Amino acid sequence: MTSTTSSSHSVPERSRRGRVLLHTSVTAAVCAAAASVLLGTGTAAAAQPAPNVVGMSEHSARAALEAQGVPYGVVNRAGTASGDCHVTEQRDRGYRTEIDMRYNHDKDEFERVETQVWRGVGLAVVCI
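Read on for an overview of the structure.

A look at the pairing of strand β6 (residues 109–118)
Regular strands show a simple pattern: their side chains alternate between the two faces of the sheet.
Here comes step 1: As judged from the 10 bridges shared by strand β5 (residues 95–104) and β6, these two strands associate in the antiparallel manner. Note on β6: the bridge partner recorded for Glu 98 is Thr 115.

Regarding the packing of aromatic side chains
Here comes step 1: As enumerated under the stated definition, the model contains 1 aromatic pair in all.
Here comes step 2: An angle of 65 degrees between the planes, with centres 5.1 Å apart, marks the rings of Tyr 103 and Phe 110 as edge-to-face.
Here comes step 3: According to the relative accessible area criterion, Tyr 103 is partly exposed, its value standing at 34%.

Overview of the nonpolar core
Here comes step 1: Ranked by size, the top nonpolar core spans 11 residues in total: Val 53, Ala 61, Leu 65, Val 70, Cys 85, Val 87, Trp 118, Val 121, Leu 123, Val 125 and Cys 127.
Here comes step 2: Going through the elements one at a time, α2 (58–68), β4 (85–92) and β7 (121–127) are the ones with two or more residues in this core.
Here comes step 3: Ranked by the residues each element gives to this core, the list is headed by β7, at 4 residues.
Here comes step 4: With residues up to four places along the chain from it excluded, the contact list for Val 121 reads Ala 50, Leu 65, Val 70, Pro 71, Tyr 72, Gly 73, Gln 90, Arg 91 and Arg 93.

Thoughts on the sheet that holds β4
Here comes step 1: Within the open sheet, the 3 strands sit side by side as β3-β7-β4. Their pairing is mixed. The strands lining the two open edges of the sheet, one partner per strand, are β3 (72–78) and β4. Along the sheet, successive strands turn relative to each other by an average axial angle of 25 degrees, direction set aside.
Here comes step 2: As paired strands, β4 and β7 are joined by 7 bridges and run antiparallel to one another. In the strand pairing of β7, Asp 92 is matched with Val 121.
Here comes step 3: Sitting on the sheet, α2 is in contact with β3, β4 and β7, with an inclination near 165 degrees to β3.

Structural notes on α2
Here comes step 1: Of the residues making up α2, those classed as buried are Glu 58, Ala 61 and Leu 65. Projection of α2 onto a plane perpendicular to its axis shows the buried side chains occupying an angular sector of 60 degrees, all on one side. Residues of α2 that are exposed and point more than 90 degrees away from the buried face comprise His 59, Glu 66 and Ala 67.
Here comes step 2: Of the surrounding secondary structure, the elements contacted by the buried residues of α2 are β3, β4 and β7.

Conventions adopted
Residues numbered from 1 in each chain as written. Predicted model: local features only at pLDDT ≥ 70, side-chain atom pairs only at ≥ 80, totals over all residues. Heavy atoms only, no water. Pairing = 2+ DSSP bridges. Helix = DSSP H or I, 4+ residues; strand = E, 2+ residues; numbered from the N terminus. Phe/Tyr/Trp six-rings, centres within 6.5 Å; stacked < 30°, edge-to-face > 60°. Buried < 20%, exposed > 50% of the residue type's maximum accessible area, 1.4 Å probe, protein only. Core = buried A, V, L, I, M, F, W, Y, C linked by side-chain atoms within 4.5 Å. Contact = heavy atoms within 4.5 Å. Axes fitted to C-alpha atoms, helices over the stretch in contact; angles between N-to-C directions. Arc of directions from axis to C-beta.

Listed below in structure tokens is the structure:
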């Protein structure tokens, strides 16, 4: 077993490699977790069930979402629009709050009513 000498101490080569691999795998795990949170692909449940259309052509994806009654929008498009377009990412767009004021005749006052409305899914499309 060879050893590597640094200015303060000697570390066996096998131990040093193990630490480097451990550091690399921990760094990769942290980066993957951060990416899943940023892209919305974490383990949290979706707001509403929606079919997975990633990998489909844009036309097929639109048809599948419309058939299920899922609201959708293209949030990112790359490439030439006249080319062959495919969905590369799908994410839940969350909820928006609609506020209504309703008059309560018994209390003789307006009441604020908040309703959560699902915004559907956002699609990233790449055209070749």
